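Observations on the model geometry
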Amino acid sequence: MTVAALKRAAKESVSGLPRAFWWLWTSTLVNRLGAFVATFTALYLTLERGYSASYAGLVAALHGLGGVVSSLGAGVMADRLGRRPTLLISQTSTAASVALLGFMEHPVAIAAVAGLVGMTSNASRPAVQAMMADIVRPEDRVRAFALNYWAINLGFAISSACAGLIAEYSYLAGFLGEAALTLVCAVVVFVKLPESRPERDTSAGSAEPEIGLGTVLRDGRYMGVVGLSFLLALIFMQSSVALPVAMGMDGWSPSDYGLVIALNGVLIIALQIPVTRLIEHRDPQRLLVVSALLAGYGFGLTAFAGSLGVYALTVVVWTLAEIVNSPTQMGLVVRLSPVHGRGRYQGVHTLSWSAAALIAPLMAGYVIDRFGAAWLWASCAVIGTVAALGYWLLMRDLPAGPAESRRDGATAVPVQRAERAPALAPAPAEPVPAAFPAGEPSGGIGAEAMAGTAAGTVAGTETGAGSCTAVVTGSEIEAEARVEAATGTGAGTGAGAGTVGGTATAVGKTRV
């Protein structure tokens, strides 16, 4: 591939996304650059403080438990208070708790604050994911989630290398450095990101049903997806839980494990964007089935690893599963989430990973101690197969294409441009969030054309933040085309006139 082709591919991968997304992406990158606690807590407790490995495992479990507790509450906050307040509260609380953890010395205090760090740090995830769904067009969401996941891994790779150097100097400096970078994220959110929560339509006759946690838990298909996400999370967690233990039992050194696991980050950084370009418009059912099989059998192959080369090969296999699964899974979660319940739905999805972070260490330790590592890797293959079958069953009758059919009746579809359109029944639109500052392009247009009673053919045209043309055939003619920017406002003009017998209905209303 030529340099020009590479430049064109890179430009196409990042083009068309709103400015607000890139500020959110920057916040994610900066936050992951400071991921000191997640990387070095075990070493800090065992080497710096002299505690046992069992105690370090208990602290890790409490950190995961904190995430379980906060996932649901943060999802509710994102829907009720808004995405922006939830991010501000979670990030400032994370900064304070991480800094506090660095000064704790008593084992009970360390364990308690570690649980608090897990609670506050995981509280931002539902809000970030809901905001991303709010501000990015449906057809661009897989690409947006992939870019965000790429930022997470890029930041983590850089932070791991830098954190090792910082740890040699001072663990406290690492804790305080992460706290400072998290505060920077909070400032970015406060200054650059407007609220994106969609407003409810309160007009007469259009009242929407209230969405609570009970609504999410009763959504059978969605909870099936959450359960499958939990199974895959159990598999992926073994990379940092069981893999180092198994390699150590086989006589490999920590540096050997570090070399093998580094391949995961390198592959994600190198392949996430180009692979996403290949898969973003393909059938998500097939992608999720294939990714589940790759994850399960990638880890299953570890049972046959006898050299670093084979270990590296297994990492390549399940890393490809991770690259495909992450953006596709997040796109499916948004697709199944009602517009005004995105925070709660994202919170329940985040719960699947938090629960896996709590259970995976316990599962790995029990199976390895009781039956041996080979049984754990075989279990991963079985779990991956079950997850693949589950995705195939759950997604058999999902509507195809970029349109998002929602349980609350809202549908987001691409703008239809035509010179002549037949009369159709009105299609309710996904509410337009106030996600961009005034004057900022949203990357999408909303168009509405309506007709009354009389006779003739009518054309209405309007210009504003963008432009569109609507043509309606009907009896009394009155057409209106309105262009809406992502703030939910727009300016322009529309006109129509004519005479022909018949009855006209709304052509439709769309928003991308």
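Residues numbered from 1 in each chain as written. Predicted model: local features only at pLDDT ≥ 70, side-chain atom pairs only at ≥ 80, totals over all residues. Heavy atoms only, no water.

**Points about the environment of Leu-183**
Condition: The numbering of helices and of strands both runs from the N terminus, where a helix is a DSSP run of H or I of at least 4 residues and a strand a run of E of at least 2. For this analysis, residues touch if any pair of their heavy atoms sits within 4.5 Å.
Relative to the assigned elements, Leu-183 resides in helix 9 (residues 171-192). The residues contacting Leu-183, other than those within four sequence positions of it, are Thr-92 and Ala-95.

**With respect to the packing of aromatic side chains**
Ring pairs (aromatic) are described by centroid distance and by the angle formed between their planes. Note the following rule: Stacked, tilted and edge-to-face are the three classes assigned to paired rings of Phe, Tyr and Trp, where Trp is represented by its six-membered ring and a pair needs centres within 6.5 Å; plane angles under 30 degrees give stacked, over 60 edge-to-face, the rest tilted. Relative accessible area decides the class of each residue, using a 1.4 Å probe on protein chains only: under 20% of the type maximum gives buried, over 50% gives exposed, and in between gives partly exposed. For a lysine, the NZ atom is tested; for an arginine, the CZ atom; a charge sits over a ring if that atom is within 6 Å of the ring centre and within 35 degrees of the ring normal.
Under the counting rule described, the total for this entry stands at 12 aromatic pairs. For the ring pair Tyr-44 and Tyr-171, a centre distance of 5.4 Å and an interplane angle of 50° mean the geometry is tilted. Separated by 127 residues along the polypeptide, Tyr-44 in helix 3 (residues 36-48) and Tyr-171 in helix 9 bring together distant segments of the chain. By relative accessible area, which is 4% here, Tyr-44 ends up buried. Given the relative accessible area of 11%, Tyr-171 is considered buried. Between Tyr-51 and Tyr-55 the ring centres are 4.7 Å apart and the planes differ by 45°, which places this aromatic pair in the tilted class. Pairwise contacts between aromatic rings join Phe-21, Trp-22, Trp-25 and Trp-150 into one cluster. Between Arg-396 and the ring centre of Trp-392, over which it is positioned, the NZ or CZ distance is 5.4 Å.

**Looking at the packing of helix 2 (residues 19-33) against helix 7 (residues 124-135)**
We apply this condition: Note on geometry: axes are lines fitted to C-alpha atoms, helical ones only across the stretch in contact, with angles between N-to-C directions running from 0 to 180 degrees. What sets the label is the angle itself: under 35 degrees gives roughly parallel, over 145 gives roughly antiparallel, 65 to 115 gives roughly perpendicular, and the rest give oblique. In a left-handed crossing the near helix is turned counterclockwise from the far helix by less than a right angle, and in a right-handed crossing that turn is clockwise. Ten residue types, Ala, Val, Leu, Ile, Met, Phe, Trp, Tyr, Cys and Pro, are classed as nonpolar, four, Asp, Glu, Lys and Arg, as charged, and the remainder, Gly among them, as polar.
Between helix 2 and helix 7, the least distance of the axes is 10 Å, while the angle of their chain directions is 160°. Taken together, the axis directions place helix 2 and helix 7 in an arrangement best described as roughly antiparallel. Read as a crossing pair, helix 2 and helix 7 show a hand that is left-handed. For the pair helix 2 and helix 7, contact is made by Ala-20, Phe-21, Leu-24 and Thr-28 and by Val-128, Met-131, Met-132 and Ile-135, respectively. Across the contact of helix 2 with helix 7, the residue classes break down as 7 nonpolar, 1 polar and no charged.

**As for empty space enclosed by the protein**
Which entries qualify depends on this criterion: Only protein atoms enter the 1 Å grid used here. Points where a 1.4 Å probe fits but cannot escape make up a cavity, open sets with protein on both sides within 12 Å along at least five of seven lines make up a pocket, and a residue lines them when an atom lies within 4 Å of a point. Grid points are joined across faces, edges and corners, and a volume is the space filled by probe spheres set on the points.
If you walk through the whole model with that rule in mind, you get 3 cavities of 30 Å³ or more. Estimated volume of the second largest cavity: approximately 50 Å³. As for the second largest cavity, its lining consists of Ser-13, Arg-143, Ala-146, Leu-147, Ile-273, Thr-276, Arg-277 and Glu-280. Elements that contribute at least two residues to the lining of the second largest cavity include exactly helix 8 (141-169) and helix 12 (254-279).

**Topic: the pattern of salt bridges**
The cut-off we apply is this: The working definition used for a salt bridge is a side-chain nitrogen of Lys or Arg within 4 Å of a carboxyl oxygen of Asp or Glu.
By the definition in use, this model includes 8 salt bridges. In this structure, Arg-83 engages Asp-79 in a salt bridge whose closest nitrogen and oxygen atoms are separated by 3.1 Å. Across this residue pair, the class does not change: Arg-83 and Asp-79 are buried. In this structure, the salt-bridge partner of Arg-137 is Glu-139, at a minimum N-O distance of 3.9 Å. Note on Glu-139: relative accessible area 25%, which makes it partly exposed. Here the salt bridges share partners, and the residues they tie into one network are Asp-79, Arg-83, Asp-134, Arg-342 and Arg-344.

**Some details on helix 7**
Given 3.6 residues per turn, any residue in an α-helix points the same way as the ones three and four places further on. This is how it is decided: In this scheme, a helix's expected span is set at 1.5 Å multiplied by one less than its residue total.
The end-to-end C-alpha distance of helix 7 is 17 Å, a good match for the 16 Å that 12 residues give at a rise of 1.5 Å each. The element helix 7 is extensively covered by neighbouring structure, given that 11 of its 12 residues are classed as buried. When we look at burial in helix 7, the residues that qualify are Ser-124, Pro-126, Ala-127, Val-128, Gln-129, Ala-130, Met-131, Met-132, Ala-133, Asp-134 and Ile-135.

**Structural notes on the packing of helix 11 (residues 220-249) against helix 13 (residues 284-300)**
One way to put it is that helix 11 packs onto helix 13 with a least axis distance of 10 Å and a crossing angle of 40°. It follows from the interaxial angle that helix 11 and helix 13 lie oblique. Of the two elements, helix 11 crosses helix 13, and the hand of that crossing is left-handed. Across the interface between the two elements, Leu-232, Ile-235, Phe-236, Gln-238 and Ser-239 of helix 11 pack against Ala-292, Ala-295, Gly-296 and Phe-299 of helix 13. Here the residues of the contact of helix 11 with helix 13 sort into 6 nonpolar, 3 polar and no charged.

**Side note on the environment of Thr-350**
Relative to the elements of secondary structure, Thr-350 occurs in helix 15 (residues 342-370). With 228 residues separating them in the primary sequence, Thr-350 and Asn-122 have C-alpha atoms 8.2 Å apart. Setting aside residues up to four positions removed in sequence, Thr-350 forms contacts with Ser-71, Asn-122, Arg-125, Pro-126 and Gln-129.

**Remarks on the nonpolar core**
A general trend in soluble globular proteins is that nonpolar side chains are found buried together. We apply this condition: The term nonpolar core refers to a set of buried residues drawn from Ala, Val, Leu, Ile, Met, Phe, Trp, Tyr and Cys, joined through side-chain atoms within 4.5 Å.
Among the nonpolar cores identified, the biggest contains 50 residues, and Tyr-222, Leu-232, Leu-376, Trp-377 and Tyr-391 are the most heavily contacted of them. For this core, the secondary structure elements donating two or more residues are helix 11, helix 12, helix 13, helix 14 (308-335), helix 15 and helix 16 (373-394). With 26 residues, the next largest nonpolar core counts Trp-25, Val-128, Met-131 and Ala-151 among its residues.

**Here we look at the side chain of Asp-140**
Put simply, the rule reads: Nitrogen and oxygen atoms within 3.5 Å of one another constitute a polar contact, given that in protein one can donate a hydrogen and the other can accept it, and given that sequence-neighbouring residues count only through two side-chain atoms.
With respect to the helices and strands, Asp-140 occurs in the loop between helix 7 and helix 8. Within polar-contact distance, the side chain of Asp-140 engages the side chain of Arg-137 at 2.8 Å. Contacts of Asp-140, omitting those with residues within four sequence positions, involve Gly-16 and Leu-17.

**Describing helix 14**
This is how the line gets drawn: Working definition for bend: take the seven residues up to and ending at a residue and the seven starting at it, fit an axis to each, and measure the angle between the axes.
The first and last C-alpha atoms of helix 14 sit 40 Å apart over 28 residues, in line with the 40 Å expected at 1.5 Å per residue. The principal kink in helix 14, of about 30°, is found at Asn-325, preceding the proline Pro-327 by one to four residues. Where burial is concerned, most of helix 14 is hidden: 21 out of the 28 residues are buried.

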